[in-house]
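Reading the structure
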Amino acid sequence: MQDLINDIAAAMATAEERGKVADYIPELGHVDPQRFAISLSTVDGKVYSAGCATTPFSIQSISKVFTLTIALGQMGDSLWSKVGREPSGDPFNSIVQLEHESGKPRNPFINAGAIAVADAIMMGHEPKETLGEILSFVRYIADDDSIYFDHAVAASEMAHRDRNASLAHFMKAFGHLRHDVDKVLGTYFHQCAIAMSCEQLAHAGLFLASDGINKPSGIRVVAPQRARRINSLMMMCGHYDASGEFAFRVGLPGKSGVGGGILAIAPGHGSIAVWSPGLDAYGNSLLGTQALEMFVQRTGWSVFGH
Ligand SMILES: NC(=O)CC[C@H](N)C(=O)O
């Protein structure tokens, strides 16, 4: 397996077309597009990594998997009255469906949906308390207390928040947000600004690969049914309007972020994190997707087989 991981990193190192680093969040625009990392955490407790797999990067929308898990833990199925579970077929920051659908976001992984989830988990608390809870949860499932918020990235998003603020105000106008818009956005931007390495991220995702149990520690994070459902949402919605393309090419539940990371889950096998900062036109990591495609071709671990 280590040979395969090395082969993937070697192939990605020579790629010429590397995509475009997200610069609508200026602080992310400084990241070196040559960076590449991959880490696989298996359900039997092994770790295989290549590239800069211990370098923290901005996980951005991958955090939406963790806040969804927290929200379901807090309120169970009543979360679905606030956010849907259908693919949107629209870009991650689109506002068009919100008007047609009375301010209820299609799914928890588009920005509007994740903002609604952030509002839901605040439960009347201040952003600081909610953020403490989010960070504790991520540290717990990654078994690593060094994971942190990159406050410069959060501040950069807050300073350029017009688009996300529009989504939030629009939902608020429909009565879908309970808290003050700027407080919800502050929470959302900080969760997106969590910095983690591929090794930490792969470890954090492991519970989704083994029916809700984080295998090395034996800790049950969620019930098997909840793990299955989170995986299905990742498969259908984790790459926005390119979710179909990702399912076609990779065939694993996956969640991307504009920091260039992707977390992919191979149920029964392991959790894979990849990072390459250059994005495709849909805001998903260009080489990260290629790396995962190569990974499933060689392992046959796609949920659809070889
Ligand atoms: N796709 C993403 O990673 C988007 C997250 C980013 N924080 C935003 O709100 O625009």
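Residues numbered from 1 in each chain as written. Predicted model: local features only at pLDDT ≥ 70, side-chain atom pairs only at ≥ 80, totals over all residues. Heavy atoms only, no water.

1. Examining the domain arrangement of the protein
Our working definition: Those domain boundaries reflect an automatic or database domain assignment. Every residue pair with non-hydrogen atoms within 4.5 Å of one another is taken to be in contact. Throughout, the accessible surface (probe 1.4 Å) given up by two parts as they are put together, summed over both, is called the buried area. We count a salt bridge whenever a side-chain nitrogen from Lys or Arg sits within 4 Å of a carboxyl oxygen from Asp or Glu.
The assigned domain composition of the protein is domain 1 (2-60 + 195-298) and domain 2 (63-193). On a C-alpha basis, the centroid separation for the pair domain 1 and domain 2 is 20 Å. Taken residue by residue, the interface counts 35 residues in domain 1 and 41 residues in domain 2. With both chains or domains summed, domain 1 and domain 2 bury close to 3100 Å², and 69% of this area falls on carbon and sulfur atoms. For the interface between domain 1 and domain 2, the tally reads 1 salt bridge. Across the pair Arg 229 and Asp 77 runs a salt bridge, and its minimum N-O distance is 3.7 Å.

2. Remarks on the UniProt feature "binding site: substrate" (unreviewed entry) in the protein
Which entries qualify depends on this criterion: UniProt positions are given in the numbering used here, feature names are shortened, and annotations may be inferred rather than shown by experiment. Put simply, DSSP marks the helices as runs of H or I at least four residues long and the strands as runs of E at least two long, and each gets a number from the N terminus on. Pairing of N or O atoms within 3.5 Å defines a polar contact, subject to two protein rules: one partner must be a possible hydrogen donor and the other a possible acceptor, and residues neighboring in sequence count only if both atoms are side-chain atoms. Here the term buried applies to any residue with accessible area under 20% of the maximum for its type, exposed to any over 50%, and partly exposed to those in between, with areas from a 1.4 Å probe on protein chains only.
Taking the numbering used here, the UniProt-annotated feature "binding site: substrate" (unreviewed entry) corresponds to Ser 61, Asn 111, Glu 157, Asn 164, Tyr 188, Tyr 240 and Val 258. Relative to the helices and strands, Asn 111 is located in helix α4 (residues 111-122). Beyond its immediate chain neighbours, meaning those up to four positions away, Asn 111 contacts Ser 61, Lys 64, Phe 92, Asn 93, Asn 164, Leu 167 and Tyr 188. Within the local environment of Asn 111, its side chain forms a polar contact with the side chain of Lys 64, the two groups lying 2.7 Å apart. Relative to the helices and strands, Glu 157 is located in helix α6 (residues 151-159). Among the residues examined, Glu 157 registers a relative accessible area of 5% and is labelled buried.

3. Some thoughts on the environment of His 151
Locating His 151 in the fold gives a position in helix α6. Note: C-alpha distance between His 151 and Phe 189 (38 residues apart in sequence) is 9.3 Å. Reaching out from His 151, the side chain makes a polar contact with the side chain of His 190 at a distance of 3.4 Å.

4. Points about the site of the ligand
For clarity, the cut-off: Think of it this way: one heavy atom of a residue within 4 Å of a molecule or strand is enough to make that residue near it. For accessible areas, the Shrake-Rupley method is used with a probe of radius 1.4 Å. Any residue's cover is judged against the shown protein chains and nothing else. Under the scheme applied here, ten amino acids are nonpolar (Ala, Val, Leu, Ile, Met, Phe, Trp, Tyr, Cys and Pro), four are charged (Asp, Glu, Lys and Arg), and all others, including Gly, are polar.
Neighbouring the ligand are Tyr 24, Gln 60, Ser 61, Phe 92, Asn 111, Glu 157, Asn 164, Tyr 188, Cys 192, Tyr 240, Gly 257 and Val 258. Here an oxygen atom of the ligand and a side-chain polar atom of Asn 111 are 3.0 Å apart. Within the side chain of Glu 157, a nitrogen or oxygen atom sits 2.7 Å from a nitrogen atom of the ligand. Starting from 300 Å² of accessible surface for the ligand in isolation, the protein chains cover 99%. For the shell around the ligand, the per-class residue count stands at 6 nonpolar, 5 polar and 1 charged. Each of two domains, domain 1 (2-60 + 195-298) and domain 2 (63-193), supplies a minimum of three residues to the shell around the ligand.

5. Some words on the pattern of salt bridges
Under the counting rule described, the total for this entry stands at 8 salt bridges. The residue Lys 46 makes a salt bridge to Asp 44 at a minimum N-O spacing of 3.9 Å. Lys 46 gets classed as partly exposed once you look at its relative accessible area, which sits at 41%. What makes Asp 44 exposed here is its relative accessible area of 56%.

6. Brief notes about the nonpolar core
Threshold: Among buried residues, the Ala, Val, Leu, Ile, Met, Phe, Trp, Tyr and Cys ones that are joined through side-chain atoms within 4.5 Å form a nonpolar core.
Residues Phe 66, Met 196 and Leu 201 are the most contacted members of the largest nonpolar core, which totals 50 residues. When contributions to this core are tallied by element, the ones reaching two or more residues are α2 (63-75), α4, α5 (127-142), β6 (194-196), α9 (198-209), α10 (224-237), β10 (261-266) and β11 (270-275). Formed jointly, this core draws a minimum of three residues from each of two domains, domain 1 (2-60 + 195-298) and domain 2 (63-193). The contact partners of Phe 66, leaving out residues within four places of it in the chain, are Ile 59, Phe 137, Val 138, Ile 141, Met 196, Leu 201, Ala 204 and Leu 263.

7. A look at the pairing of β11
Rules: Each pair of strands is called paired provided DSSP finds at least two bridges between the two strands.
With 6 of its 6 residues buried, β11 lies for the most part within the structure. With 6 bridges connecting them, strand β2 (residues 37-42) and β11 associate as antiparallel partners. Of the residues in β11, the one forming a bridge with Thr 42 is Gly 270. Pairing between β10 and β11: 6 bridges, direction antiparallel.

8. Thoughts on the confidence of the model for the protein
Selection criterion: pLDDT expresses, on a scale from 0 to 100, how confident the predictor is about each individual residue.
On average, residues of the protein score 97 in pLDDT, and 100% of them reach the 70 mark or higher. Quick note on the complex model: pTM equals 0.98, ipTM equals 0.97.

9. A short note on helix α1 (residues 2-13)
We count it as follows: The length a helix should cover is 1.5 Å for every residue beyond the first. When we speak of the arc, we mean the arc of directions from the helix axis to the C-beta atoms.
Taking 1.5 Å of rise per residue, 12 residues should cover 16 Å, and α1 covers 16 Å from first to last C-alpha, within 8% of that figure. For α1, the full list of buried residues reads Leu 4, Ile 5, Ile 8, Ala 9 and Met 12. Projected onto a plane normal to the axis of α1, the buried residues spread over an arc of 135° and lie on a single side. Opposite the packed face of α1, turned more than 90 degrees from it, sit the exposed residues Asp 3 and Ala 13.

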